[in-house]
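Below are the chains, spelled out letter by letter.
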Amino acid sequence: MSTSHADAVTFSDLSRNPRAVAERAARLGRVRVTHRDAPDFYLTAADREEERDRTLATASRLFLALIKHDPTARALVIAMPEVFPWVRHLSAPELRAFTLELVEALSDAAELDVDATTQEVIEGWRATARIKADPAHYAEARKSTSGDFGPVEVSI
């Protein structure tokens, strides 16, 4: 769900008139609070957010149950190209691995409030598909390497 600019207020609006902004958020469901020097955030009612959490948990449990009763995840694997068209560049085992990782990440988001993992899984597999979509890049990526390439820099 996206919020239009009409559903946005500035941080200054919130600090000047918090009651009006809170009433607007309650009426609309949520309001985007823009901030010139920081990331935007949403102001939403707790019961609405809790309902979204329950919805995600229900969907996650449904996907986990499907996989439990069908270890090949056939139904989900069949649906994946409609959601992620780029999966056509993945092999059948890669597509099943992506499906399982995604369902596990969705479960973590629902049950453990770990939201970043879902997008990391999607982006990782999208990067794999991107490399495989370009035969020259894929051939280069498959070449053997040897030796020490030096220290690895980790950004956090």
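Conventions we followed
- Residues numbered from 1 in each chain as written.
- Predicted model: local features only at pLDDT ≥ 70, side-chain atom pairs only at ≥ 80, totals over all residues.
- Heavy atoms only, no water.
- 1 Å grid on protein atoms, 1.4 Å probe; cavity = no way out; pocket = protein on both sides within 12 Å on 5 of 7 lines; lining within 4 Å.
- Points joined across faces, edges and corners; volume = space filled by probe spheres on them.
- Helix = DSSP H or I, 4+ residues; strand = E, 2+ residues; numbered from the N terminus.
- Nonpolar A, V, L, I, M, F, W, Y, C, P; charged D, E, K, R; others polar.

Let us look at the layout of surface pockets. In this model, the largest pocket occupies a volume close to 200 Å³. Contributing to the lining of the largest pocket are Glu-49, Asp-53, Leu-56, Leu-106, Ala-109, Ala-110, Asp-113, Asp-115 and Thr-118. Contributing elements (two or more residues each) for the lining of the largest pocket: α3 (46-69) and α5 (92-112). Residue composition of the lining of the largest pocket, grouped by class: four nonpolar, one polar and four charged. The calculated volume of the second largest pocket comes to roughly 150 Å³. Every residue along the wall of the second largest pocket is listed here: Phe-63, Leu-76, Ala-79, Met-80, Val-83, Phe-84, Thr-99, Leu-102, Val-103 and Leu-106. Put simply, the parts of the chain that give the lining of the second largest pocket at least two residues each are α4 (74-83) and α5.

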